[in-house]
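# Descriptive analysis of the structure
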Amino acid sequence: MPRPKAFKFTTNSPNQTQKLALELASFLSAGDILALTGDLGAGKTCFVQGLARGLSVKKKITSPTFNLIKEYPGRLPLYHFDVYRLKSLDELVDLGYEEYFFSRGITVVEWGEKIRPLFGASYLEINFKRKLKENERQIKLIPRGKYWQKKVVKLVKKWPF
Ligand code: ADP
Ligand code: MG
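Within each chain, residue numbers correspond to sequence positions counted from 1 in written order. By the order in which they are written, chains take letters starting at A while ligands take numbers starting at 1. For this predicted model, a pLDDT threshold of at least 70 governs which residues receive local features, and a threshold of 80 or more governs which side-chain atom pairs are given and counted, while totals over whole chains, interfaces and linings are taken from all residues. Only hydrogens and water are set aside; all other atoms, that is, all heavy atoms of the structure, feed into the side-chain values.

As a further point, take the side chain of Thr 37. Here Thr 37 is to be found in strand β2 (residues 33-37). Polar contacts here mean pairs of N or O atoms no more than 3.5 Å apart (in protein, one a potential hydrogen donor and the other a potential acceptor; neighbouring residues in sequence count only if both atoms are side-chain atoms). In this structure the side chain of Thr 37 is engaged in a polar contact, spanning 2.9 Å, whose partner is the side chain of Asn 127. Helix numbers and strand numbers start at the N terminus; a helix is a DSSP run of H or I with at least 4 residues, a strand a run of E with at least 2.

Below is the structure:
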């Protein structure tokens, strides 16, 4: 299979990262899965906060590290997972993860690299990297499957926002 085309963005503040997420939110539909990858402090939760704003989620987003998942009502329901502390896939099976991943909401998973096989063939990977400058981040969108390639191309055409 050819390597999917990835698109790199650079942001220079938490606000810019949230703006990127906000724009992405306008392209999202029920059942979409976003896998956020990258190290601690790279900006994943910050991104989810922007996403939530774009989905008109009213509640404040905090990291679900200890609960594995938090659910928020919005334009579409938002399922925010953080699998940093996940020890075995069984924990997600027990939670009924499929009911979230393949349902009518938007699933976003921090530390998605840990559970890649659960996503199926169609998902958007978003990779976060710190750069030399303190507030600079590289955010790479890696579409998995045609559905995501099309969406990402549309988003990129709007850049800079
Ligand atoms: P993660 O969820 O990946 O562990 P967080 O989003 O919780 O990371 O934390 C990112 C930290 O980096 C926050 O304190 C945020 O204010 C800071 N930060 C600085 N610059 C940026 C940027 N360009 N994008 C996102 N976060 C940034
Ligand atoms: Mg986080």
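From this point, things continue past the structure.
Once that is clear, we can look at the pattern of salt bridges. Note on definitions: salt bridges are taken to be side-chain nitrogens of Lys or Arg within 4 Å of carboxyl oxygens of Asp or Glu. This model, assessed by the stated rule, comprises 6 salt bridges. Residue Lys 19 pairs with Glu 23 through a salt bridge whose shortest N-O separation is 2.7 Å. Note that Lys 19 and Glu 23 are positioned in helix α1 (residues 14-25) at a spacing of 4 residues, about one turn of the helix. Residue Lys 19 is classed as partly exposed on the basis of its relative accessible area, which comes to 34%. A salt bridge links Arg 144 to Glu 125; its shortest N-O distance comes to 2.7 Å. Remark: Glu 125 occurs in strand β6 (residues 123-130) and Arg 144 occurs in strand β7 (residues 137-144); sequence separation between them is 19 residues. Whether a residue is buried, partly exposed or exposed follows from its accessible area with a 1.4 Å probe, protein chains only, as a fraction of its type maximum: under 20%, in between, or over 50%, in that order.

Our next topic: the environment of Thr 10. Its place among the elements puts Thr 10 in strand β1 (residues 7-11). Its relative accessible area of 39% is what places Thr 10 among the partly exposed residues. C-alpha of Thr 10 to C-alpha of Gly 145: the two residues are 135 residues apart in sequence and 24 Å apart in space. Residues within four places of Thr 10 in sequence aside, it is in contact with Gln 16, Glu 136, Arg 137 and Trp 159. Residues are treated as being in contact if the distance between any of their heavy atoms lies within 4.5 Å.

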